[in-house]
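Secondary and tertiary structure notes
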Amino acid sequence: MSSHPDVKRTALYEEHVKAGGKLVPFAGFELPVQYEGIAAEHHRVRTAVGLFDVSHMGEIVFRGPRAAEVVTRLTTNNVTNVKPGRAVYTPVCRADAGIVDDMIFYKKSDTEWFVCVNASNKDKDYAWFVEQTHGDCEVIDLSDKYSQIAVQGPKAPELLARIFGDDVLAMKPFWFVMKQYRGQEILFATTGYTGEAGGELYIPNAVAAELWRELMEKGADLGVGPIGLGARDSLRMEMKYCLYGNDIDDTTSPLEAGLQWTVKFDKGDFNGRDVMLKQNAEGLKRHLVPFVIEGKGVPRHGYKVFAGADEIGVVTSGTMSPSMKVPIGIAYVKPPFNAVGSRFEVDLMGIRRAAAVVVDAPILKKDR
Amino acid sequence: MSIPKEYRFTDSHEWVKVEEDNIVSIGLTDYAQDHMGDIVSVETPRVGDEIEKGEPIGMIDSQKASSEVFAPISGVVVENNDLLEEDPGVINTDPYEEGWLVRVEVGDMEQLDELMTAEDYEEYLGRLEEE
């Protein structure tokens, strides 16, 4: 593929080229979609450990004596009333409850939050944050300074402990600590987007490639390998984790997306609260549900969903599950078809309709 | 990338091979399978189905994308490739032989003259790669 003039490279670009990564433009960056193959990389993360270059993600800091008020207003989840060293996943909504973006807030202190946002939304998010902050605290875009490596899989904690010490093994999911690496401060978090153990490491660009190489070397006996965007997508789909732009966007509310657990109505006022209270009182008109296809046919974003002759929804994500070896997907459907066990049909671009059944999230069960 | 000399091709990357008299096999080219990556599921018309040139007749799903298959010629399906049910990945490993999609009985064999020759197709791929 020819290089695009506006496409940026991450600090790990050379590592991807050396590893034979197939690079594609994604969210303004040249990133690997796959190395050895999506299914093989997917299995590596489910059974061993994989490394993801997610340096395209944005990093924004809120800081100041009034930062807590600001981030409470902006988010739907409770990001303030937690201890420093805790991470919280939250949507950020507009007044009409449409989702501006979904992100992770890392609480560093009562006056500072480090936030990881989606790459494709970074500029939109930053503009929204500045507008909504009204100068009440600092909002700093650090995206160009940070690389991010996700280390995910059942062997990830062991690999991370080899480099960062055994104390990281005692960390529960969605905790974080600041660590020193080659004289630089990095944010070490036990967050992720795969459903596996491990972490996400926010690293100054200067030491990112060194850390990547060290992870590859020290994880060789654990079966470590690099993972592309293709497997990142199939891994998150098996967990029914939302992807902004596919499953959620400016026109969907967190309640419709099944993110009720991230909406804390009793925390005080926040953007979208009134509209979501109204949505709850009136009943939701659509629900984002995970489903599996019975038989053949892979669902994809945009495919229509039918119950008999009635169009009742639309697929937002779909793939062949590499773990379960059946086609799976996520769709917005009208009630009552959101109930677990409900059946509907997915139209495969007019070729045929495939039978589908609604399942619980995650689609891939832990006791697999 | 090898292109069998005796096959005919479409600009949507299907191939046609004359098996005997008016029976042809239809498949997906090496170029197409390479671009799609690991193929995980295949939908094809069944024996007895009539297909019409240029119309979508099936779907190829790879791990990363789905792509329609268009009929390169008109006719009636006379055989399905059972191998694809067990292992659709055979399209990746052997697109021009074992990975055929359907066999079709063709009424008017002159239709094949409208398709690209191997030489035409190779030139066509060259132009695509330049873009």
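These numbers were taken from a predicted model, which means no experiment stands behind them.

Rules of the game
- Residues numbered from 1 in each chain as written.
- Chains lettered and ligands numbered in written order.
- Predicted model: local features only at pLDDT ≥ 70, side-chain atom pairs only at ≥ 80, totals over all residues.
- Heavy atoms only, no water.
- Helix = DSSP H or I, 4+ residues; strand = E, 2+ residues; numbered from the N terminus.
- Rg over C-alpha atoms; globule rule 2.2 N^0.38 Å.
- Contact = heavy atoms within 4.5 Å.
- Areas by Shrake-Rupley, 256 points an atom, 1.4 Å probe, with all protein chains shown as cover.
- Lys, Arg positive; Asp, Glu negative; His and termini not counted.
- Charge placed at Lys NZ, Arg CZ, Asp CG, Glu CD.
- 1 Å grid on protein atoms, 1.4 Å probe; cavity = no way out; pocket = protein on both sides within 12 Å on 5 of 7 lines; lining within 4 Å.
- Points joined across faces, edges and corners; volume = space filled by probe spheres on them.
- Nonpolar A, V, L, I, M, F, W, Y, C, P; charged D, E, K, R; others polar.
- Buried area = accessible area lost by both parts, 1.4 Å probe.
- Salt bridge = Lys/Arg side-chain N within 4 Å of Asp/Glu carboxyl O.
- Polar contact = N/O pair within 3.5 Å; in protein donor to acceptor, adjacent residues only side chain to side chain.
- Axes fitted to C-alpha atoms, helices over the stretch in contact; angles between N-to-C directions.
- Parallel < 35°, antiparallel > 145°, perpendicular 65-115°, else oblique.
- Left-handed = near helix turned anticlockwise from the far one by under 90°.
- Phe/Tyr/Trp six-rings, centres within 6.5 Å; stacked < 30°, edge-to-face > 60°.
- Buried < 20%, exposed > 50% of the residue type's maximum accessible area, 1.4 Å probe, protein only.
- Lys NZ or Arg CZ within 6 Å of the ring centre and 35° of its normal.
- Core = buried A, V, L, I, M, F, W, Y, C linked by side-chain atoms within 4.5 Å.
- Disulfide = S-S within 2.5 Å.
- Pairing = 2+ DSSP bridges.
- Arc of directions from axis to C-beta.

1. Comments concerning the overall build of chain B
Along the backbone of chain B there are four helices and nine strands. Listing each helix as α and each strand as β along chain B from the N terminus yields β-β-β-α-β-β-β-β-β-α-α-β-α. In summary, chain B has a C-alpha radius of gyration of 14 Å against a globular reference of 14 Å for 131 residues, a match within 12%. Each of the three principal axes of chain B carries a C-alpha extent, and together these read 35 × 35 × 25 Å. Within chain B, contacts between residues at least 6 apart in sequence are counted, and of these 63% link residues at least 24 apart. Element-wise, carbon and sulfur atoms account for 42% of the exposed surface of chain B, whose accessible area totals about 6,400 Å². Of note, chain B has its 8 positive side-chain charges centred 3 Å away from the centre of its 36 negative side-chain charges.

2. Observations concerning the layout of surface pockets
All names here are of chain A. The volume enclosed by the second largest pocket comes to roughly 330 Å³. Those elements that place two or more of their residues in the lining of the second largest pocket are strand E1 (8-9), helix H4 (122-133) and strand E10 (146-152). Here the element with the most residues in the lining of the second largest pocket is H4; it accounts for three residues. Split by residue class, the lining of the second largest pocket holds six nonpolar, nine polar and six charged.

3. Looking at the interface of chain A and chain B
By a widely used convention, the size of an interface equals the accessible area lost when the partners come together. Listed as interface residues are 18 residues of chain A and, on the opposing side, 18 residues of chain B. For the pair chain A and chain B, the summed buried area comes to about 1,400 Å², and 50% of that belongs to carbon and sulfur atoms. Among the residues chain A hides against chain B, the three largest losses belong to Lys296, Arg300 and Ile351 of chain A. Together they make up 38% of the total. Viewed at the interface, chain B and chain A are joined by two salt bridges. Taking the shortest distance from any N to any O, the salt bridge between arginine 352 of chain A and glutamate 43 of chain B comes out at 2.6 Å. The interface formed by chain A and chain B includes nine residue pairs in polar contact (both at pLDDT 80 or more). Elements supplying a minimum of two residues to the side of chain A that touches chain B: helix H2 (38-47) and strand E17 (310-320) of chain A. Grouping the constituent residues of the side of chain A that touches chain B by class yields nine nonpolar, five polar and four charged.

4. What to know about the packing of H2 of chain A against helix H7 (residues 229-238) of chain A
All names here are of chain A. Direction vectors running N to C along H2 and H7 enclose 55°, while the axes themselves pass 8 Å from each other. When the axes of H2 and H7 are compared, the pair comes out oblique. When you trace H2 past H7, the crossing you get is right-handed. Counting all contacts with H2, which are made through Ile38, Glu41, His42, Val45 and Arg46, the residues of H7 involved are Gly230, Ala231, Ser234, Leu235 and Glu238. In the contact of H2 with H7, the residues fall into four nonpolar, three polar and three charged.

5. So, the packing of aromatic side chains
The tally for this structure, following the rule as stated, stands at 19 aromatic pairs over all chains. Between phenylalanine 164 of chain A and tyrosine 181 of chain A, the aromatic rings sit 6.0 Å apart at their centres with planes inclined by 45°, giving tilted as the arrangement. Placement of the pair is phenylalanine 164 of chain A in helix H5 (residues 156-164) and tyrosine 181 of chain A in strand E11 (residues 176-181), with a sequence separation of 17 residues. A single burial state applies to phenylalanine 164 of chain A and to tyrosine 181 of chain A, both of which are buried. Centre to centre, the rings of tyrosine 121 of chain B and tyrosine 124 of chain B are 6.2 Å apart; their planes meet at 35°, and the pair counts as tilted. Separated by three residues within a single helix, tyrosine 121 of chain B and tyrosine 124 of chain B lie in helix H4 (residues 118-130), roughly one turn from each other. For the pair formed by tyrosine 121 of chain B and tyrosine 124 of chain B, the shared burial category is buried. Among the aromatic residues, those joined into a cluster by ring pairs are Tyr7, Phe9, Trp15, Tyr96, Tyr121 and Tyr124 of chain B. Geometry around phenylalanine 306 of chain A places arginine 353 of chain A over its ring, the cationic atom sitting 3.8 Å from the centre. When the ring centre of tryptophan 100 of chain B is taken as origin, the NZ or CZ atom of arginine 103 of chain B, which lies over that ring, is 3.9 Å away.

6. A look at the nonpolar core
A general trend in soluble globular proteins is that nonpolar side chains are found buried together. Residues and elements named next belong to chain A. In terms of nonpolar packing, the biggest core is built from 45 residues, with Phe52, Tyr106, Phe114, Leu187, Tyr202, Ile248 and Met276 touching the most fellow members. If we skip the residues at most four places from it in the chain, tyrosine 202 touches Glu59, Tyr106, Phe114, Cys116, Tyr146, Ser147, Gln148, Ile186 and Leu187. If you look at the next biggest cluster of nonpolar residues, it comprises 27 residues, including Ala156, Phe164, Leu211 and Leu222.

7. Concerning the state of the cysteines
Residue and element names in this part refer to chain A. A complete count under the given rule lists zero disulfides over all chains for this structure. No disulfide involves cysteine 93; its nearest neighbouring cysteine sulfur is the one of cysteine 242, lying 12 Å away. Among the cysteines around cysteine 116, which has no disulfide bond, cysteine 242 carries the closest sulfur, lying 16 Å off. Taking relative accessible area as the criterion, cysteine 116 reaches 6% and is therefore assigned buried.

8. Quick notes on the sheet that holds strand E6 (residues 56-62) of chain B
Residues and elements named next belong to chain B. Strand order in the open sheet made by the three strands is E4-E6-E7, with antiparallel pairing throughout. Looking along the sheet, the strands with just one partner apiece sit at the ends: strand E4 (39-43) and strand E7 (66-70). Between one strand axis and the next, the sheet turns through 20° on average, direction left out of account.

9. Observations concerning H2 of chain A
All names here are of chain A. For H2, the set of buried residues is Ile38, Glu41, His42, Val45 and Arg46. The buried residues of H2 all sit within an arc of 140° when viewed along its axis, so they share a single face. Those residues of H2 hidden inside the fold are in contact with strand E3 (29-34), strand E4 (49-53), E10, strand E14 (224-226) and H7.

10. So, the environment of threonine 111 of chain A
Structurally, threonine 111 of chain A is set in the loop between strand E7 (99-109) and strand E8 (112-117). In contact with threonine 111 of chain A, not counting residues within four places along its chain, are Phe62, Arg63, Gly64, Pro65 and Ala67 of chain A.

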